[in-house]
Each structure stands twice: as C-alpha cells, then as structure tokens.
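# Analysis of the macromolecular model
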Amino acid sequence: MSHILTRLILGAALAGVPSLPWAAVASDATTTSPTPPPVQRITRTDSPAELARHITALHAAPFKDTAGQPFRFDSLKGKIVWVNQWAHWCAPCVAEFRVMRQVQEQVGADKLEIVLVSRLRDWEKDQAYVKEHDLPWRQVVLDLPPGTSRDLYADVSMNPPEQTAIGTAFPMSTFLGRDGEGLRFDRHPIPVTQGGDPQNSHDVDILVRTLTEWAARAPG
C-alpha cells in the first residue's frame, strides 16, 4: 500500500508542473553552446616559438621541384600558401585532397596556392600518384635524406629533435601569409571521413572565410 500511495502522490505533484515544449529546450541548448571562433577550430595549440621554429626551417630547408630545380617558398610571396606534407601511402593524407580542392575553388587559385611536400624516399611514387589522380598542385620534395641534418629535418617535419626515429608527421598543413610569414599549422585543418568528406561542413566555411580574410590583408 505504501508503494501505491507514493506513486499516486508523485503523479499528482508532477501533473501540476507545467511542461516545456521540446523545441524550446533544444533552442536553449543551442544558444548556450556557441560555435567556437575560427582561430580555435584551425589552430594547433603549440607555442608561438614552436611555430616560428617550424617556419624558419621551412624557409631554410633544401627543396626541389619536379624539374629538379631548387625551390624556395619565398618565390610564392603575394599569395596565401597552403603547404601540405604528405605521402601516397598515407590514407589520412590522400583523404584530405577532395576538401583541399573545395577550399581552393572557393577561395580562388589566384589567392591560395597549394604546395604538396614529399619526402625524398616517397618522391617518385608521390609524383605518380599526383599524375594518376590529376591533382593540380605544385609538388616539391624535401631534398634531405634521412639520417642527415637531423635537427633541420625534425624542425621541418614538426617532430621533436630528440625523437629517436626520424620521420615526418603526416599529414601536416602549414599556412603562410602573403609575405611568407607563418600563420597557422595543423595536422587536420578540416577533419574528414575516410571517404574524404568533411566531418563538419561548417569547418570548410570557417577555413574558407579565414583564408579569404588573410588574402585580403595588405602585405606587411
């Protein structure tokens, strides 16, 4: 009898409480969780000193283009440059290419240059992959054999110099400003699915808007 009486009392009490529409609850939840500002969505949490070290190494490292000629990122001043370190065997790397095309189309190839950076050991097969899949971007190779200039290789690859194994963090994206300055670097500026679709289309909008704003800034 006591259990029955308790249920009756609780039922009567709840009946007197006005109910809120579910839409109102959902709306409140939305308004209390605002979208993070763009800088939080595409920037790694590394220190400015680490970014500066990486950019210095990127400008100083020996690169070559597909014709075997020396290449320097200074030659691309005037545009925003998306430097993408990758390899043909790296599934997360190649999965990003579809969304990279989308971003460049929206920003404009005259404002945003994409450069694919390969390691020496992957260079020939990377070039074959680019040709097979008709990727429209400039290719360069980090002309630095593993085991040489250890500190510089680590700086360019964003691996700490004290790491035992020499390797490159794949994929790695670096954004250079119109003067060649370092703006951002990130493993995944836009997280994608295995099929190459953005996990959140809002991330594409944020990156496009950010790159467009960078491109509109006067150099210097």
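Here's what I pulled together on the structure shown here.

Definitions and cut-offs
Residues numbered from 1 in each chain as written. Predicted model: local features only at pLDDT ≥ 70, side-chain atom pairs only at ≥ 80, totals over all residues. Heavy atoms only, no water. Disulfide = S-S within 2.5 Å. Buried < 20%, exposed > 50% of the residue type's maximum accessible area, 1.4 Å probe, protein only. Pairing = 2+ DSSP bridges. Helix = DSSP H or I, 4+ residues; strand = E, 2+ residues; numbered from the N terminus. Contact = heavy atoms within 4.5 Å. Axes fitted to C-alpha atoms, helices over the stretch in contact; angles between N-to-C directions. Core = buried A, V, L, I, M, F, W, Y, C linked by side-chain atoms within 4.5 Å.

## Concerning the state of the cysteines
What we call a disulfide is simply a covalent bond connecting the sulfur atoms of a pair of cysteines. By the definition in use, this model includes one disulfide. Sulfur-sulfur distance for the disulfide between Cys-90 and Cys-93 comes to 2.3 Å. The S-S bond linking Cys-90 to Cys-93 shows a torsion near 75°; that makes this disulfide right-handed. The buried category is assigned to Cys-90, whose relative accessible area is 6%.

## Points about the pairing of strand S7 (residues 182-186)
Along a regular strand, successive side chains alternate from one face of the sheet to the other. Taken together, the four bridges between strand S6 (residues 172-176) and S7 define a ladder with antiparallel strand orientation. If you follow Phe-175 over to S7, its bridge partner there is Arg-184. Where S6 folds back onto S7 in an antiparallel hairpin, the turn is made up of five residues, including Gly-180, whose phi is positive at roughly 90°.

## Brief notes about the sheet that holds S6
Reading across from one edge, S2-S1-S5-S4-S3-S6-S7 is the order of the seven strands in this open sheet, with mixed pairing throughout. Of all the strands in the sheet, just strand S2 (70-71) and S7 have a single pairing partner and so form its edges. Lying over the sheet, helix H9 (residues 201-216) contacts strand S3 (80-85), strand S4 (112-119), S6 and S7, oriented at roughly 130° with respect to S3.

## Regarding the nonpolar core
Counting residues in each nonpolar core, the largest one holds 30 residues, and the members touching the most others are Trp-82, Phe-97, Val-103, Leu-116 and Leu-211. Looking at this core, the elements with two or more residues in it are S3, helix H5 (91-95), helix H6 (97-107), S4, helix H7 (123-132) and H9. Per element, the largest residue contribution to this core is six residues, and it comes from H9. Once residues lying within four places of it in the same chain are set aside, the contact partners of Leu-116 are Asn-84, Trp-86, Phe-97, Met-100, Val-130, Leu-135, Trp-137, Arg-138, Gln-139 and Val-140. Judged by nonpolar contacts, the second largest core, of 18 residues, contains Leu-51, Ile-55, Ala-61 and Leu-144.

## Some thoughts on the side chain of Asn-84
Tracing the backbone through its elements, the reader meets Asn-84 in strand S3. Owing to a relative accessible area of 0%, Asn-84 belongs among the buried residues under this scheme.

## A closer look at the environment of Cys-93
Tracing the backbone shows Cys-93 in helix H5. Once the C-alpha coordinates of Cys-93 and Pro-171 are considered, the two residues, 78 residues apart in sequence, prove to be 5.1 Å apart. Non-local contacts of Cys-93, meaning those with residues more than four positions away in its chain, are made with Gln-85, Trp-86, Ala-87, Phe-170 and Pro-171.

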